[in-house]
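The residues making up each chain are set out below.
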Amino acid sequence: ILALTKRFWVLSSQSSVCEKIMELLGQDKIDRHQRQVVILSQDSFYRELTPEQKAKALKGQFNFDHPDAFDNELVMKTLQDIIQGETVHIPVYDFVTHSRKDEFVTVYPADVVLFEGILMFYSQEIRDLFQMKLFVDTDPDTRLSRRVLRDISERGRELEQVLNQYITFVKPAFEEFCLPTKKYADVIIPRGADNHVAINLIVQHIQDILNGGFTKRQNGFQNGHGTPRQRRPSESSRPH
């Protein structure tokens, strides 16, 4: 899910798509203080687990793909702060110990915010904050293989545990909670990061926004004389 804030975009999901967009925009080479485009991940907003829940998580018996696993109150507050142009502090989640670390990632005001996560469309209150919603549609076998490689190499899991968790929680949760939200997407991207045409179109759109071209076209011109139309009182002035 991809999201944008002064334009908010939400992407459901792949972090690889967001990373490719940042790379093509050249934003990954810029100091964090100066970036016009930033990425946030729903994975940063997992709830603090109780001791009982953490014991289950260590055995691969906790459902991290359920909507209740996320701290949506904190997500909402963070997004509202970003809309107000404030610097925000994003939690750092440790997927090995299943707990938040005693550190934060500082995100500075930017023109475009990409917010990726599997259930970013699930809450209407959060969903309505985004100006553009993108659904990354990938093959189930591709999703499984990438998850196996990630969980084993980055999170220290055993193959049997990863597969059992996928069958027990991940696949059913995807079908029950994530897939139905596809209907809320403005754009659907098949094949994820391999869809170079779609990603290039998104990158061009963001570049247009950063350069001001989109705003000029959005405002329109009166009688062909180049005078931007005035915003009606009923129109929203919320940043994109």
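Just so you know, these numbers come straight off a predicted model, no measurement behind them.

What counts, and at which threshold
- Residues numbered from 1 in each chain as written.
- Predicted model: local features only at pLDDT ≥ 70, side-chain atom pairs only at ≥ 80, totals over all residues.
- Heavy atoms only, no water.
- Helix = DSSP H or I, 4+ residues; strand = E, 2+ residues; numbered from the N terminus.
- Buried < 20%, exposed > 50% of the residue type's maximum accessible area, 1.4 Å probe, protein only.
- Contact = heavy atoms within 4.5 Å.
- Areas by Shrake-Rupley, 256 points an atom, 1.4 Å probe, with all protein chains shown as cover.
- Salt bridge = Lys/Arg side-chain N within 4 Å of Asp/Glu carboxyl O.
- Phe/Tyr/Trp six-rings, centres within 6.5 Å; stacked < 30°, edge-to-face > 60°.
- pLDDT = per-residue confidence, 0-100.
- Arc of directions from axis to C-beta.
- Polar contact = N/O pair within 3.5 Å; in protein donor to acceptor, adjacent residues only side chain to side chain.

Across its full length, the chain holds 8 helices and 9 strands. Split into buried and exposed, the 240 residues of the chain put 45% on the buried side. In the chain, the proportion of contacts linking residues at least 24 apart, taken out of those at least 6 apart, comes to 70%. Per element, the accessible surface of the chain, about 13,100 Å² overall, is 49% carbon and sulfur.

This paragraph deals with the pattern of salt bridges. Here the structure, examined in full by the defined rule, presents 11 salt bridges. Arg-100 is the partner of Asp-71 in a salt bridge, and the nearest nitrogen-oxygen pair spans 3.2 Å. Separated by 29 residues along the polypeptide, Asp-71 in the loop between helix H2 (51-58) and helix H3 (72-83) and Arg-100 in strand E4 (residues 99-107) bring together distant segments of the chain. A relative accessible area of 14% means that Asp-71 is categorised as buried. Among the salt bridges present, the one from Lys-182 reaches Asp-137, with a minimum N-O distance of 2.6 Å. Separated by 45 residues along the polypeptide, Lys-182 in the loop between helix H6 (159-178) and strand E7 (187-190) and Asp-137 in strand E6 (residues 132-137) bring together distant segments of the chain. The exposure class assigned to Asp-137 is partly exposed, which follows from its relative accessible area of 23%. One connected set of salt bridges, linked through shared partners, spans Asp-65, Arg-147, Arg-150, Asp-151 and Arg-157.

If you walk through the whole model with that rule in mind, you get 9 aromatic pairs. Centre to centre, the rings of Tyr-46 and Phe-70 are 4.5 Å apart; their planes meet at 20°, and the pair counts as stacked. With a gap of 24 residues between them, Tyr-46 in the loop between strand E2 (37-41) and H2 and Phe-70 in the loop between H2 and H3 connect regions that are remote in the sequence. Each member of the pair Tyr-46 and Phe-70 is classed as buried. Aromatic pair Tyr-46 and Tyr-93: ring centres 5.3 Å apart, planes at 50°, arrangement tilted.

So, about the confidence of the model for the chain. Where the model shows low pLDDT, its predicted coordinates should not be examined in detail. Considering every residue of the chain, the mean pLDDT works out to 83; 82% of them sit at 70 or more. Mean pLDDT across the elements of the chain ranges from a minimum in strand E8 (residues 221-222), with 37, to a maximum in strand E3 (residues 88-94), with 95. Every residue in residues 215-240 scores below 50 in pLDDT, and together they form 35 contacts with partners more than four places removed in sequence or on other chains.

Our next topic: the side chain of Thr-181. Mapping Thr-181 onto the fold places it in the loop between H6 and E7. Residues in contact with Thr-181, not counting those within four places in the same chain, are Phe-121, Tyr-122 and Phe-135.

Of all the positions in helix H1 (residues 15-25), only Val-17, Cys-18, Ile-21, Met-22 and Leu-25 are classed as buried. Buried residues in H1, looked at end-on, bunch into an arc of 135°, giving them a common side.

Turning next to the side chain of Arg-157. Examined against the element boundaries, Arg-157 turns out to sit in the loop between helix H5 (140-155) and H6. Arg-157 sits in the buried class, given a relative accessible area of 12%. Separated by 2.7 Å, the side chain of Arg-157 and the backbone oxygen of Phe-95 make a polar contact. If we ignore the near neighbours within four places in the chain, the residues touching Arg-157 are Phe-95, His-98, Asp-151, Ile-152, Val-162 and Gln-165.

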